[in-house]
Amino acid sequence: MNFKKIREIIKFDVQKSIQNKWFVILNILMFVAILFATNWNNISNYLNEHNVDFMTEEEITIQILDNENLVYDKFNEKYGESSNFNIERVDTNTYSKENVPADNVILLEVKSSPEDIITAKIVSKEGIDNDIYNLIYDELSEVRANLFATNNGISIDELNILNEEVQIERELLGVDAENSETKEIIKTISIVVVYMVLIIILSRIANEIAQEKVSKSIEYVLTSVTAGEYLISKVLSVTIATLIQVLYTFVYYIIGNSINSLFVMQSTGASFGSSFINIDTSIASYILVMAAYLIFTVFLTALIQATLTSKTTSVAEAGNTTMILLFLIVILYLVSLSAISPYITVTPLMYIISCIPIVSTFFVPAMMIIGQATTLQIIISFIVLIMSVPFIFKFCSKRFKNGILDYTSSNKKKKVKKELTLKEKQEKDLKASIAKKIGFTIGIALILLVFLQTILAYIFGIILPKFINTDINTLNIILNGLVSCVSLGIVTLYIYSNIKDKEEVKTISGKKTFEITFVGIALIAIVQVALSWIYSKIGLNYDIFNELSVVPSNTLISNILYLIAIVVIPAIFEELLFRKAIINYSKKYGKAFAVIFSAILFGLFHMNLNQGIFAFLIGIIFGIIAIQTSSIKLTVLLHFLNNLYAALQVILSGFALEMFNNIILAVIIFAIIILIKTLPKVRNIKREDLKIDKDCLLIFKNYTFIISMILLIVMFIVTENFLRV
Amino acid sequence: MLKVENLTKTFDKNVAVNNISFNASKGKIFGLLGRNGAGKSTIFRCILNIIKQDSGKVLYNDKIIDEKILDKIGYLPEEGSLISSYTVLEQCIYYGMLKNMDEESIKKRLFELTSKFDIIEYMNMKQKDLSKGNRQKIQFIVSILHDPELLILDEPFSGLDPISVEQLKQVLLELKESGKIIVFSSHRMDHVEELCDEIAILEKGKMIEKGSLKDIKKKYNNQTLNQIFISVVGDIEKSIQS
């Protein structure tokens, strides 16, 4: 090891991080903040002496409407002379939305009531100050208690005894158990400090090393020092820079405290520095142990961070590794916070855990301050910590050396089954990256869909009732329509903006359109009948719309809105998303794949088995139609008819429903005849249309897509469960 | 004297440098020529101990290169090795320190060199604000800051304007006069022709031609170096393809 160079690098780095304007600005701010914090008692004393009170500068008029004279006399007696209040008596409440009270005028209306003894009402222009509210609350409570006491013939003292909380005295007899509350606070604060220091150090070291690696400056550096020397000097320089910052903070604290004691001395004559002497010895030794652990832990975590950073190839990536480390540290922190408390006995397992390096920083000092750590345990864990340093350094510097010059982001260890030529490999990479993008886009789109539906339902649920004055059912319908309209629309646009291939336009003859429409109707009817038979056998035949309370009220407008929300909007927007955007987007893996993929998503989207299975089957029929005609006009029509049928079953009743169902029956019979007629034509399906490109599996490997699927499936199960219960 | 003996380095089954040997001696400029990816930078990295060769030796004055010798080497990496958020001065202090210089002598030397290249006004600018040519000049200054005995320059002329190229050539010739060993790589044959005493031509990690510039020119009927390079490398590529 070339210690001279290590020292020089440390000197350079520490100087660079301290001698810049941001460091100075931060320190000035900290200095001022600490000065204020330590001298707050002096400042508030000064302000009180000079009658500077920024809370209630303005005079407040309290108008009391109190015909039974429950509180007026009391208020007048107490606050009538006060400069802050102006108490008035009024006979009527003249205020309304047209006649709002002036600023700083409050109307307090008090009445007696048989159940609540007294009730009160406060009228003001805007929200009133919390202090004034509390004042009124306290006065009214007292009056109410008095009234209650006289009404029931008990004395006010008896009532007070009744209201008192049960007194429980805690006595802890352990030697170190004194000041347990203070110690608890100190423990929490010190762990927070450790965490803050680690955040600063880790992000700093990640940033510095990533910067040198990205700029390839590391190549030059490594011609002068070895990777190990570089690693240790970087880690040490960042540690030292942070410790200097801690030292500065301590200096600010001492300055602030000294100034404070100067004032205290003037007023009370206490000796200077008494505040330092008065520290509990157990707390002082705790701080020392904490500092010792902190230095080693900072060093070790910085080493790990540096090694992780060496494996990254950009500053952003290095930032992500910091997040991982910090996350783990937060978990450690939370575990220690919940596991260690004066009221919980330490188990042998915790003694073992507290010997692990880095973990011990969060456990041992915390256990020590509550008097649950033995001296032996502290010594053992500290020795383990020190002993681990060379091992961890060796382990890290080896990996650091390999990582720091490696600019390839892919994983080399992956074994390639077959030797691929360069071209094949490139093609494979390209395919994988395309699939990754498709997986990501669809995954994000689905997450966005769920997110928008939830958040919009919430937002519209608050906004709509304020603007639309109608019954709850109609409101529900409007809400439903708006939410699906906006969320589906946004998601469709998002997916559509990612499609680059232009779709081919096919023209289809009128006769064929007619044929397809009726074939579609026939298939829907068959699926519908078959499923309702199966559902009745397995107990899936519940009424979804009733369960979700989306039913129209008995007005014409409500019915029309119902038709729009349940029939028109889904027909258009669901087709746009599932049949247009998703099918077009996934078509490159084969038409069959696109149809099945969109149908599965369509099924999952319905969030319950009853509709989901139906939607999946219908999705396949619609998908085939959409892909064969290269348009969604027909599927929109069929979707419309399907939903219309379901909706009219709800709206119509009696004779009209009977008539309607007869017409439908006739149409379906006609459709089935056409289906049978056209069935022979279906045979000549092209083989290539059924092919599925195996690369489509790559979509399912994308992390975002997997998460979106988990989200959809979990929500599916939850909704299904809700509907069944 | 710098001696490279039978140097071989492979990356994942790709042979980047294949059994290369050459000598570079005091007061001479040695040119390594080759297309992009021929293995020039890898040879330099092996010489400088940044990466470890699979086999072969690199000797400087008959000693294996260690830390002490590394301090006597000046290196100009091919890709920008400057930290963009540092100012020129900070960068030079950092790199000079790594070569065991103290701050005062770094500043003195830097003043001298920046005035030579007319970039003295950029001293306190951040490197991300400099043009590519000026960054290249800074890199060159960094590489000769500590007055090295052996100078390894990877594409020193890239990004420079004609006047700066002349300035750089002048400085290189001065350094040569003062007895430094200079090894540089380039694919600009005109620069090589003017400066080098000895050259080696690389293709796909193999050395296909080596010797003094005069001898090689004689061998190929006094053609320009450019023509020689194209014909030699072109022949190899044809034979690989067939």
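Residues numbered from 1 in each chain as written. Chains lettered and ligands numbered in written order. Predicted model: local features only at pLDDT ≥ 70, side-chain atom pairs only at ≥ 80, totals over all residues.

A. Representation of the overall build of chain B. Along its length, chain B carries nine helices and ten strands. Going through the 242 residues of chain B one by one, you find that 42% of them count as buried. Here the contacts in chain B between residues at least 6 apart in sequence split such that 70% fall between residues at least 24 apart. (Helix = DSSP H or I, 4+ residues; strand = E, 2+ residues; numbered from the N terminus. Buried ≥ 20, exposed ≤ 12 C-beta atoms within 10 Å, placed from the backbone. Contact = placed C-beta atoms within 7 Å.)

B. Structural detail: the confidence of the model for chain B. Put simply, chain B has an average pLDDT of 87, and 100% of its residues get 70 or more. Taken over the whole predicted complex, pTM reads 0.65, whereas the ipTM for its chain interfaces reads 0.85. (pLDDT = per-residue confidence, 0-100.)

C. Layout of the environment of A:Val650. Residues and elements named next belong to chain A. With respect to the helices and strands, Val-650 occurs in helix H23 (residues 633–651). When the 17 C-beta atoms within 10 Å are taken as the criterion, Val-650 is described as partly exposed. Remark: the alpha-carbon pair of Val-650 and Val-551, spanning 99 residues in sequence, is separated by 7.8 Å.

D. Quick look at the packing of helix H22 (residues 609–629) of chain A against H23(A). Residues and elements named next belong to chain A. Where H22 meets H23, the axes come as close as 8 Å, and the angle between the chain directions of the two elements is 155°. Relative to H23, the element H22 is oriented roughly antiparallel. Between H22 and H23, the residues in contact are Phe-622, Ile-625, Ala-626 and Thr-629 and Leu-634, Thr-635, Leu-638 and His-639, respectively. A class-by-class count of the residues in the contact of H22 with H23 yields five nonpolar, three polar and no charged. (Axes fitted to C-alpha atoms, helices over the stretch in contact; angles between N-to-C directions. Parallel < 35°, antiparallel > 145°, perpendicular 65-115°, else oblique. Nonpolar A, V, L, I, M, F, W, Y, C, P; charged D, E, K, R; others polar.)

E. Structural detail: the sheet that holds strand S1 (residues 60–65) of chain A. Residue and element names in this part refer to chain A. Strand order in the open sheet made by the four strands is S2-S1-S3-S4, with mixed pairing throughout. Edge positions in the open sheet fall to strand S2 (85–90) and strand S4 (117–123), since each of these has one partner strand only. The sheet shows a mean angle of 25° between the axes of neighbouring strands, taken without regard to direction. Pairing between S1 and S2: six bridges, direction parallel. When the bridges of S2 are listed, Thr-61 appears paired with Asn-86. Sitting on the sheet, helix H4 (residues 72–79) touches S1 and S2, and the angle it makes with S2 is about 155°. Of the strands in this sheet, S1, strand S3 (105–113) and S4 are in contact with helix H5 (residues 130–152), which crosses S4 at around 160°. (Pairing = 2+ DSSP bridges.)

F. Representation of the environment of A:Ser190. Residue and element names in this part refer to chain A. Relative to the helices and strands, Ser-190 resides in helix H7 (residues 180–214). Each C-alpha atom, one on Ser-190 and one on Met-290, is 8.1 Å from the other, the two residues being 100 residues apart in sequence. With residues up to four places along the chain from it excluded, the contact list for Ser-190 reads Met-290 and Pro-365.

G. Examining the sheet that holds strand S5 (residues 63–64) of chain B more closely. The strand order across the open sheet formed by four strands is S2-S1-S4-S5 (chain B), and the pairing between neighbours is antiparallel. With one partner strand each, in any of the chains shown, strand S2 (14–24) and S5 of chain B form the two edges of the open sheet.

H. Representation of the pairing of S1(A) within the structure. All names here are of chain A. Between the parallel pair S1 and S2, the chain is carried across by H4, and the sense of this crossover is right-handed. Across five bridges, the pairing between S1 and S3 is parallel. Looking at the pairing, Ile-64 lines up with Leu-108 of S3. (Right-handed = clockwise from strand over helix to strand, strands pointing away.)

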